[in-house]
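Next come the chains, spelled out residue by residue.
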Amino acid sequence: MSNYPSHFSSDLLLTILSQAKTATAIHSTDEMIIETANDAMIAVWGKDKSVIGKPIEEALPELKGQPFLSLLQSVLHTGQTIAGSDTMAELVFDGERKPFYFDFEYRAIKNDAGEIICVLHTATDVTARYLSRRREMELESELQAANEELAATNEELAAANEELAAANEEMSSSNEELASTLEELTVTNEELAESQEILQTLNYNLAESEARFRAVVIQAPVGVCIIRAHDLMIQDVNDAYLQVVGRERAAMQGRTIWQAVPEAAAAYAPIMNNVINTGLAYSAKEHELQLLRNGEYQSVFVNFVYEPVRFEDDSVKAVMVVTVDVTEQVVARRQVEAAEEMLRLAIDSANMGTWMANLDTDALTISDQARKIHGIPPGVETTLTHSLGLIASQHTERVSNAIEQAIKNNSGFEIEYIINPMDGAKPRWLKATGKAYYDDQDNPVSVSGTMIDITESKAYDQQKDDFISIASHELKTPVTSLKAALQLLDRMKTNPSPQILPKLIEQSNRSMDKISTLIEDLLNLSRMNEGQLKLDKTQFTIAEMLNQCCNHVRVVGKHELILQGDEELQIIADEHRIDQVIVNMVNNAVKYAPNSKQIFFNVEKAGDMARISVRDTGPGIAPDKLSHLFERYYRTDASGYQNSGLGLGLYISAEIIRKHGGEIGVDSELGKGSTFWFTLPL
Ligand code: ADP
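Residues numbered from 1 in each chain as written. Predicted model: local features only at pLDDT ≥ 70, side-chain atom pairs only at ≥ 80, totals over all residues. Heavy atoms only, no water.

Draft legend 1. Structural context of the overall build of the protein chain. Scanning the protein chain from N- to C-terminus turns up 19 helices and 23 strands. A globule of 682 residues ought to have a C-alpha radius of gyration of about 26 Å, yet the protein chain, at 73 Å, is considerably larger. Taken along the three principal axes of its C-alpha coordinates, the protein chain extends 230 × 95 × 60 Å. A burial count over the protein chain gives 36% of its 682 residues as buried. Residue pairs in contact within the protein chain that sit at least 24 positions apart in sequence constitute 53% of those at least 6 positions apart. (Helix = DSSP H or I, 4+ residues; strand = E, 2+ residues; numbered from the N terminus. Rg over C-alpha atoms; globule rule 2.2 N^0.38 Å. Buried < 20%, exposed > 50% of the residue type's maximum accessible area, 1.4 Å probe, protein only. Contact = heavy atoms within 4.5 Å.)

Draft legend 2. How the structure looks around the site of the ligand. For the ligand, the set of nearby residues contains 19 residues, the closest of which are Y592, D616, R635, T636 and L650. Between an oxygen atom of the ligand and a side-chain N or O atom of K591, the distance comes to 3.2 Å. G647 places a polar main-chain atom, nitrogen or oxygen, 3.0 Å from an oxygen atom of the ligand. When the free accessible area of the ligand is taken as 530 Å², the share hidden by the protein chains comes to 96%. The biggest single contributor to the shell around the ligand is helix α17 (residues 575-592), with 5 residues. A class-by-class count of the residues in the shell around the ligand yields 9 nonpolar, 7 polar and 3 charged. (Near = heavy atom within 4 Å. Polar contact = N/O pair within 3.5 Å; in protein donor to acceptor, adjacent residues only side chain to side chain. Areas by Shrake-Rupley, 256 points an atom, 1.4 Å probe, with all protein chains shown as cover. Nonpolar A, V, L, I, M, F, W, Y, C, P; charged D, E, K, R; others polar.)

Draft legend 3. Local environment of empty space enclosed by the protein. Inspection of the entire model under this criterion finds 4 cavities of 30 Å³ or more. The space that makes up the largest cavity amounts to roughly 200 Å³. Forming the boundary of the largest cavity are 17 residues, of which Y241, V245, A264, L289 and Y306 lie nearest the centre. Where the lining of the largest cavity is concerned, the elements lending two or more residues are α6 (239-245), α7 (257-260), α8 (265-278), β8 (282-293), β9 (296-310) and β10 (316-325). Looking at the lining of the largest cavity residue by residue, the class counts come to 16 nonpolar, 1 polar and no charged. (1 Å grid on protein atoms, 1.4 Å probe; cavity = no way out; pocket = protein on both sides within 12 Å on 5 of 7 lines; lining within 4 Å. Points joined across faces, edges and corners; volume = space filled by probe spheres on them.)

Draft legend 4. Structural detail: the packing of aromatic side chains. For the coordinates displayed, the defined rule picks out 10 aromatic pairs. For the pair Y101 and Y130, a centre-to-centre distance of 3.6 Å together with 20 degrees between the ring planes defines the contact as stacked. Here Y101 is found in strand β4 (residues 96-110), whereas its partner Y130 is found in helix α5 (residues 127-219), with 29 residues between them in sequence. The positively charged end of K435 is found above the aromatic ring belonging to Y437, 5.4 Å away from the centroid. Sitting above the plane of the W677 ring, R611 keeps its charged end 4.6 Å from the centroid. (Phe/Tyr/Trp six-rings, centres within 6.5 Å; stacked < 30°, edge-to-face > 60°. Lys NZ or Arg CZ within 6 Å of the ring centre and 35° of its normal.)

Draft legend 5. Main features of the pattern of salt bridges. Applying the stated criterion to the full structure yields 22 salt bridges. A salt bridge links R247 to E263; its shortest N-O distance comes to 2.3 Å. Of the two residues, R247 sits in the loop between α6 and α7 while E263 sits in the loop between α7 and α8, which places them 16 residues apart along the sequence. Relative accessible area serves as the criterion here: at 14%, R247 is assigned to the buried category. The exposure class of E263 is partly exposed, given its relative accessible area of 22%. Its salt-bridge partner being R344, residue E341 comes within 2.9 Å of it at the nearest N-O pair. Of the two residues, E341 and R344 are both situated in helix α9 (residues 327-349); the distance of 3 residues between them amounts to about one turn of the helix. For R344, a relative accessible area of 41% translates into the label partly exposed. Within this structure, D86, D103, R129 and R133 form a network of salt bridges that share partners. (Salt bridge = Lys/Arg side-chain N within 4 Å of Asp/Glu carboxyl O.)

Rendered as structure tokens:
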């Protein structure tokens, strides 16, 4: 007690404490003895005054396990005040442990030196306050919960209300619907009645249309036969069908189709079965079949359809066969096709090209041959304008005019002109024909025709012209010389000169020989042209013939004829014609190789042929000319008149040898000479 502040006496303090309403106690530092406690505190504790002077642990054993003892200890040690409010303490009251709630404070009391001398413990029992506040809080939360519930209930109520409203609405609309359904029902009823009426009319119409359909079938210009699907019995057949199959009506009635037309069964029964099974129609064009028409097999072409006729459930009830006999058309078309094919073959074999110009588009359609003639590569499209551009300028206008005139006058044309082929080949002569074609309104649509390459025949014509002028010239020379000789003879007829007379006679004979040779050549030519070269074959020895021929050359003495080879070889041939061939070759050697002193004959056996040749040592012939020597009218010196001749000798020779079944040819080298040879079968 001596430790209390000096200005308060401990008794005064106690008096203050005892009168204080607040429960107060003072705990000493050692063992936390309850130094003093006022009545209020003792009441709080539920004890009596005996607790004073006892350690608190002892006085209030129930505090064991509760935080207060350690709190008190901590204040004693640290000097820090600890306070709490609404803090629960369990105390024993009337022997019963009960919870109480306090606002309390443990405050360390210090002396002037700052040392803790005791702890002032104040406590206010706030159990009632606490409990009432707790109750209040509980009530509040209950209220809130109640409020919340109320709100939820309200919401539910609102929703229920809404539903109710909706249900109301629905009800009213259901009512409306009901009303409209009723209305509809009445309408439907009315409609039903109407439909029934229509159905009745339809039924009537159906019967009528079936009758009409039958009438149509009967009168149809095409053959119609209706065949029941399940047993193939013929239900209906019209006259046109009877005509196609060549049967009497009686032969069809009460029969199946294949009983009625058995010859078609093999080919057509499977097709009809398929139509019945699949329900799919079948149609065919230009089927060829053998039909027994009026007791006779005939080849017939038909177009036909097998059309399924259905029940309401879609199954096939019948097959309607619709057929047309197209035999006449097919035969006619085939004839036209055959004729066209023949025409095409003829055109092809004549090397003729065809062309067709579309006047609308200018497009030119040309055959392969026409394309070849114009040198237009395959696949390259061409136009009339373009092809006119290939025509040699001097002929363009003439061709254009011919086409124009043909269009204007609906006439044909035939025209010859030169073209410069597109591929750069040599110019060609063409002969083209054409004709214009018109549509229903008489507008020209196209021009078409043929064309043929006449380059060769043009060249041949040229040769012929040349030949005529050469032949006239050739004939004129000996005739002039003969005429001169005759004039002289005429003048000296009263007093003939013995020196000149024989010369004139010789000159006349030579001229006559020349004339008769020329005439002989011309005759041979025309004979050959007419295919009248007749051979008069005999057996002879070749060497003997060679020795006897060409005496005119031997007489003149300018050339020596030397025979080499097999002198015994014999052949069977026309001796006169072979002699002619040899004479021509020797004459040519004399003419074209005048400086070749010697002319060699050679005879040899080559297999089963005799090979005879005439060789000179003259100037020879250029290689590019060799292949033409045996052509008609061909002369290496075509322009000049250096050497007389018609260009016929070798041509005639070649014909003679060919006719004998032999070959003819020439080997020549420029500057070394030429060897003309031919072979004859032994
Ligand atoms: P032609 O003698 O009347 O002209 P041919 O048909 O007999 O006619 O001869 C054709 C051409 O062959 C002659 O024009 C000539 O150019 C050439 N020819 C023929 N034989 C010889 C030869 N031996 N040497 C050189 N050229 C020849």
